[in-house]
Amino acid sequence: MRPSTHRQSETKAMPIERGKRILMRGNEVVAQAAMDAGCRAFFGYPITPQNQIPDYMARHMPEVGGVFLQAESEVSAINMVYGAAAAGVRVMTASSSPGISLKQEGISYIAEAELPCVIVNIMRGGSGLGNIAPSQADYFQSVKGGGHGDYRTLVLAPWSVQELYDLTREAFDLADRYRGPVLVVGDALLGQMMEPVVLAEEVVDPSSLPAKPWATTGARGRPHNVINSLYINPPDLAASNMRLQERYQEAARREVRFEGEHLEDAKIAVVAYGTAARVAAGAIKEARAEGVQVGLFRPITLFPFPSTQLAEVADKVDTILVVELSAGQMVEDVRLAVEGRAEVRFMGKCGGVVFTPAELVEAMTSLAREGH
Amino acid sequence: MSERAGLSERSIVGFVGAFGSGKTEAAIGYCRVAVAQKRAVCLIDLDVVTPYFRAGDYREALGREGIRVIAAPGGLASYEVPALPPEIGGALGSPEAQAVLDVGGDPVGARLLGAYGPLIARRGYDLWLVANPYRPETADAPALEGQADAIEKSSGLRLTGVVANPNLGPGTRWAEVQSGLRLVEQAAAGMGLPIVLLAVTEDLLAEAEKAGHPLLCLKPIARPPWERVGED
Amino acid sequence: MATGERQVVFSRPESLAPVRMHYCPGCTHGIIHRLVAEMLDEFDLVERAVGIAPVGCAVFAYDYFNCDMIEAAHGRAPAVATGVKRVRPDLFVFSYQGDGDLASIGMAETIHAAARGENITVVFVNNAVYGMTGGQMAPTTLLGQVTSTTPFGRDAKTAGHPIRMCELLATLDGPAYLARVTVTSPRRVREAKRALRRAFEAQERGLGFALLEVLSTCPTRWGMPPEKALSWVEDEMTTQYPIKEFVCAEELRGDKAEGDS
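Residues numbered from 1 in each chain as written. Chains lettered and ligands numbered in written order. Predicted model: local features only at pLDDT ≥ 70, side-chain atom pairs only at ≥ 80, totals over all residues. Heavy atoms only, no water.

**Side note on the overall build of chain A**
Tallying secondary structure elements over chain A gives 12 helices and 15 strands in all. With respect to the three principal axes, the spread of C-alpha positions in chain A is 70 × 55 × 35 Å. Scored against the burial criterion, the 372 residues of chain A give a buried share of 62%. Of all intrachain contacts in chain A linking residues separated by at least 6 positions in sequence, the fraction that spans at least 24 positions is 80%. Only carbon and sulfur atoms are counted for the fraction: they give 51% of the accessible area of chain A, which is about 13200 Å². (Helix = DSSP H or I, 4+ residues; strand = E, 2+ residues; numbered from the N terminus. Buried < 20%, exposed > 50% of the residue type's maximum accessible area, 1.4 Å probe, protein only. Contact = heavy atoms within 4.5 Å. Areas by Shrake-Rupley, 256 points an atom, 1.4 Å probe, with all protein chains shown as cover.)

Structural data, given as structure tokens:
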């Protein structure tokens, strides 16, 4: 890619320290991770609680010769992403729940047109305008497609600021490898909180990335490239659909990520991701101190979902307790994975309300008292 | 340490600084010291930049500690419509309590001080820059000085001191505080400003005594739920 | 040249793919495509142009040009064009859009790209009707015009008024070139080509947003023979939509842009 020069600015580069602990906000880290991954274009639109992402991009993207543009709407922002991705550049947009809904049209086109890009959703309470408090109620929208048609997005769900950095960087590699949109989901708490983070010493030089021969960069010395999601002839569209499905199957074989804690002797396995898992982990420590044999199974990729791995856990425990900041969404995928191997219970908070560790400890101890 | 060490003698004391430098926690910590010393204070939440972790969110808890908080009316603060209540003007002009200002981050947040500038200047003020060199935007002396300069320009007021707040969040080690503090000292010297307070969490107080600065003990009020394990 | 030697005086532009177009008889999309291709040839752009095709009758435009092409969602072409142009300012980026695409569902994208002075070229084909979906009312449908969704003629009381895009965009500071032309006669075609040259030139010189509105025919949806459709453009459409140059940056008034062909 040719470095973009039309937005060079006088901005002095930030004296950012790499390889040692610094204190950063989740949203800031998302933006820094993208630039470190060689992302050179960001298109966004203001919405709380992700505003520090575009703010940070606006200040620092010019330092690396990249493009920052505040679009007129979420709809336009995702279509600018479509254009920049078609031109072969690593590109990102970020938003929060209502804004992600607006982007769904574009995400569907991007998926079928096989364009790599990264989309960050710092989730807030819904439905509708909802509120700006932390929520995980966009799980279905994230993992089941979101827009129209037979496509999925790979979905990464970090639970700390450090993991937000690592996974946002990795999302760009996954997007290129599987030629499609990759979603990174956090929530208002993860986006707003500050934690120590270590930024990697190595950053990606965009010119070192593998060429994208399919990109629309000018038909010089080759037939013209067409970026398209229109296949009038049904068998042609079916073939395109199936090509995507094969990629998802490959991703399911290669990219599933999860973490387990204290599962060795567990009779109860808590299944939770992101912020909910973070609260659950603290509660599990305390419940174990009270003698409850409980462990944590934390999906890191929500799509592909770690179904096989969870089924293995289900074989060993009596009860699975799904803890979500929603009225019950991931629990459906858990039930599909567990297939009756263990009893599945659900505990959810919705509307932006967050669990206290004490509530979770109480739930675990009462499950244990029931004889689970 | 003298009775009033670290407390401002002015009618108004404002905490300014970069996003995430710890202004709210410092302002709350300051009010706690003042209340402990039977000084009347009124904490004014002037942060209209970020609708999270603002003093106004903790109005009730702080009220129980004897700290009056003026912020956007209850509920409103948690919507995306930050608005400033008219009581602020009254509190800034009142001789009954010292007004402690928790100002929004960066020059953007400090610009709002301009609206109250003449009143603040007339009443007499301290304006303290909260500095955390572990934040990437203020990671060295030139960056801190640039931040200070921009805040003075946008607020129309002069800085009178620096609150050193070198930390990496919960679990910060004393060695990390020390090396951060050296950087803040250097920046403060460059700006010709005294370090009026060194802010540390309770667990580091004993070691911090050696640093030779007035201390401000922080008991973070804005904590994610997983740091509340073991609480009811 | 020697008398009697045969030479090619007219041929398909190299930028136009040698394929059969799907447009109905009497539709002027074909002429407009050809003009775009002639400009791509003239400016030697086929190896560094990226075209954005719309949703509408020109949806297959990506098959008709030999340059790189992107098919956009309905109305989003200016946003897609922005994405390409911002990351690759060295490329020549144009969109080709109809009235429903550009003036209805994509109004926000159009206006904001224009307001930003986005350095792209937009070819806007206005035939006052939704051709692709079955002849429904377009934002540019004339008052009284019968369409499948205004079966008694467009009534301003219920269906609102037609939108004049060039006039609307001319209120902004971003556009470097805005003009309305038509292609109803050889003279009109020559004028249209001159205007299109300026719309290309604007981008090549980095002057900002350029849009050429071309009043076009739709014999099929208007229910008229092609010849009558051409006169309908002249008699009815040009009254509502005057043929005119609305904005022309000073730099475009030079010799090259004036050249005839």
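Continuing now.
**Some points on the nonpolar core**
In this structure, Phe43, Ile320 and Val334 of chain A are the most contacted members of the largest nonpolar core, which totals 89 residues. With residues up to four places along the chain from it excluded, the contact list for Phe43 of chain A reads Val67, Leu69, Ala77, Met80, Val81, Ala84, Val91, Met92, Thr93 and Ala94 of chain A together with Gly83 of chain C. Membership of the second largest hydrophobic core comes to 68 residues, among which are Trp159, Val279, Ile300 and Val361 of chain A. (Core = buried A, V, L, I, M, F, W, Y, C linked by side-chain atoms within 4.5 Å.)

**A short note on the interface of chain B and chain A**
When the parts of a complex come together, some accessible area is lost, and that lost area is often taken as the interface size. If you look at the interface, chain B gives 31 residues, while chain A gives 35 residues. Between chain B and chain A, the buried area comes to about 2700 Å², and carbon and sulfur atoms account for 62% of it. A per-residue breakdown of the area chain B buries against chain A is headed by Tyr52, Pro136 and Trp226 of chain B, which together make up 26% of the total. Where Arg135 of chain B meets Glu28 of chain A, a salt bridge forms, and the shortest distance between an N and an O atom there is 2.5 Å. At the junction of chain B and chain A, the tally comes to seven residue pairs in polar contact (both at pLDDT 80 or more). (Buried area = accessible area lost by both parts, 1.4 Å probe. Salt bridge = Lys/Arg side-chain N within 4 Å of Asp/Glu carboxyl O. Polar contact = N/O pair within 3.5 Å; in protein donor to acceptor, adjacent residues only side chain to side chain.)

**Here we look at the arrangement of the chains**
By contact count, the leading pair among the two pairs of chains in contact is chains A and C. Between chain B and chain C there is no contact, and the shortest C-alpha to C-alpha separation is 25 Å.

**Here's the deal with the pairing of strand β14 (residues 319-324) of chain A**
Residue and element names in this part refer to chain A. Counting buried positions along β14 gives six out of six residues, so the element sits mostly inside the fold. One ladder, built from four bridges, connects strand β11 (residues 268-271) with β14; its direction is parallel. Bridging across to β14, Val271 finds its partner in Val322. Bridge count between β14 and strand β15 (residues 343-348): six bridges; the pairing is parallel. Within β15, the position partnered with Ile320 by the bridge is Val344. (Pairing = 2+ DSSP bridges.)

**Points about helix α6 (residues 141-155) of chain B**
Residue and element names in this part refer to chain B. Spanning 15 residues, α6 covers 21 Å between terminal C-alpha atoms, matching the ideal 21 Å at 1.5 Å per step. Taken as a whole, α6 has its buried residues at Ala141, Ala143, Leu144, Gln147, Ala148, Ile151, Glu152, Ser154 and Ser155. Two or three places before Ala143, at the opening of α6, Asp140 has a side-chain oxygen 2.9 Å from that residue's backbone nitrogen. (Expected span 1.5 Å × (residues − 1).)

**Brief notes about the sheet that holds strand β3 (residues 68-70) of chain B**
Through backbone hydrogen bonds, the strands of a sheet pair up, either in parallel or in antiparallel fashion. All names here are of chain B. Taken together, eight strands build an open sheet; the order of strands is β3-β2-β4-β1-β5-β6-β7-β8 and the sheet is parallel. Each having just a single partner strand, β3 and β8 (215-218) make up the two edges of the open sheet. Within this sheet the neighbouring strands show an average axis-to-axis angle of 25°, counted without direction. Along the sheet face, α6 touches β1 (12-17) and β5 (125-131) and points at about 145° away from the line of β5. (Axes fitted to C-alpha atoms, helices over the stretch in contact; angles between N-to-C directions.)

**A few points about the environment of Val46 of chain C**
All names here are of chain C. Positionally, Val46 belongs in the loop between α1 (29-42) and β1 (49-53). Judged by relative accessible area, Val46 falls into the partly exposed class, the value being 24%. Along the primary structure Val46 and Glu227 are separated by 181 residues, whereas in three dimensions their C-alpha atoms are 33 Å apart.

**Observations regarding unusual backbone geometry**
Residue and element names in this part refer to chain A. With an omega of 10°, the peptide bond running from Thr48 to Pro49 counts as cis. In this structure, the amide linkage connecting Gly126 to the following residue, Ser127, adopts the cis form with an omega of 5°. The phi dihedral of Glu339 falls on the positive side, at around 45°, and the residue is not glycine. For Glu339, the position within the fold is in the loop between α11 (330-338) and β15.

**A closer look at the interface of chain A and chain C**
Contact with chain A, which involves 36 residues of that partner, is made by 34 residues of chain C. Across the chain A to chain C interface the summed buried area is about 2900 Å²; carbon plus sulfur atoms make up 59%. Counting across the chain A and chain C interface gives four salt bridges. For the salt bridge of Glu72 of chain A with Arg116 of chain C, the shortest nitrogen-to-oxygen distance reads 2.9 Å. Summed over the shared surface of chain A and chain C, the result is 15 residue pairs in polar contact (both at pLDDT 80 or more). Looking at the side of chain A that touches chain C, the elements with two or more residues in it are β2 (41-44), β3 (67-70), α3 (74-86), α4 (97-112) and β9 (226-227) of chain A. Ranked by residue count, the leading element in the side of chain A that touches chain C is α3 of chain A, at eight residues. Among the residues forming the side of chain A that touches chain C, the class breakdown is 18 nonpolar, 12 polar and six charged. (Nonpolar A, V, L, I, M, F, W, Y, C, P; charged D, E, K, R; others polar.)

**Describing the side chain of Thr138 of chain B**
All names here are of chain B. Position of Thr138 relative to the elements: it lies in the loop between β5 and α6. Of the residues examined, Thr138 reaches a relative accessible area of 2% and is grouped as buried. For Thr138, the side chain forms a polar contact with the main-chain oxygen of Asn132, separated by 3.1 Å.

**Structural notes on the pairing of strand β2 (residues 41-46) of chain B**
Residue and element names in this part refer to chain B. Judged by how many residues are buried, β2 sits mostly within the fold: six of six residues are covered. Burial of β2 is two-sided: the residues Val41, Leu43 and Asp45 facing one way and the residues Cys42, Ile44 and Leu46 facing the other way are all buried. Both β2 and strand β4 (residues 98-103) contribute to a ladder of six bridges, which runs parallel. Of the residues in β4, the one forming a bridge with Ile44 is Leu101. Alignment of β2 against β3, held across three bridges, turns out to be parallel. For Cys42, the partnering residue across the bridge sits in β3 and is Arg68. Where the polypeptide runs from β2 across helix α2 (residues 59-64) and back to β3, its parallel neighbour, the crossover connection is right-handed. (Right-handed = clockwise from strand over helix to strand, strands pointing away.)

**With respect to the state of the cysteines**
By definition, a disulfide links the sulfur atoms of two cysteine residues through a covalent bond. Within this structure, the stated rule accounts for zero disulfides over all chains. Cys39 of chain A forms no disulfide, and the closest cysteine sulfur to it belongs to Cys117 of chain A, at a distance of 10.0 Å. Here Cys67 of chain C stays unpaired: no disulfide links it, and the sulfur of Cys27 of chain C, its closest cysteine neighbor, is 19 Å away. (Disulfide = S-S within 2.5 Å.)

**Describing the packing of aromatic side chains**
Under the criterion given, the structure shown has 15 aromatic pairs over all chains. On the numbers, 5.9 Å between centres and 85° between planes, the contact of Tyr248 of chain A with Phe303 of chain A is edge-to-face. With Tyr248 of chain A in helix α8 (residues 234-254) and Phe303 of chain A in strand β13 (residues 301-303), this residue pair connects regions lying 55 residues apart in the sequence. A residue is classified by how much of its surface remains accessible, and Tyr248 of chain A, at 10% relative accessible area, is buried. For Phe303 of chain A, a relative accessible area of 14% corresponds to the buried category. A ring pair is formed by Phe15 of chain B and Trp128 of chain B, whose centres lie 5.8 Å apart and whose planes are at 90°; its orientation type is edge-to-face. Taken together, the residues Phe15 of chain B in strand β1 and Trp128 of chain B in strand β5 connect sequence positions 113 residues apart. Owing to a relative accessible area of 0%, Phe15 of chain B belongs among the buried residues under this scheme. Ring pairs connect the aromatic residues Phe43, Phe65, Phe92, Phe94 and Phe200 of chain C, which therefore count as one cluster. Its end group placed over the ring of Trp159 of chain A, Arg298 of chain A keeps NZ or CZ at 3.9 Å from the ring centre. (Phe/Tyr/Trp six-rings, centres within 6.5 Å; stacked < 30°, edge-to-face > 60°. Lys NZ or Arg CZ within 6 Å of the ring centre and 35° of its normal.)

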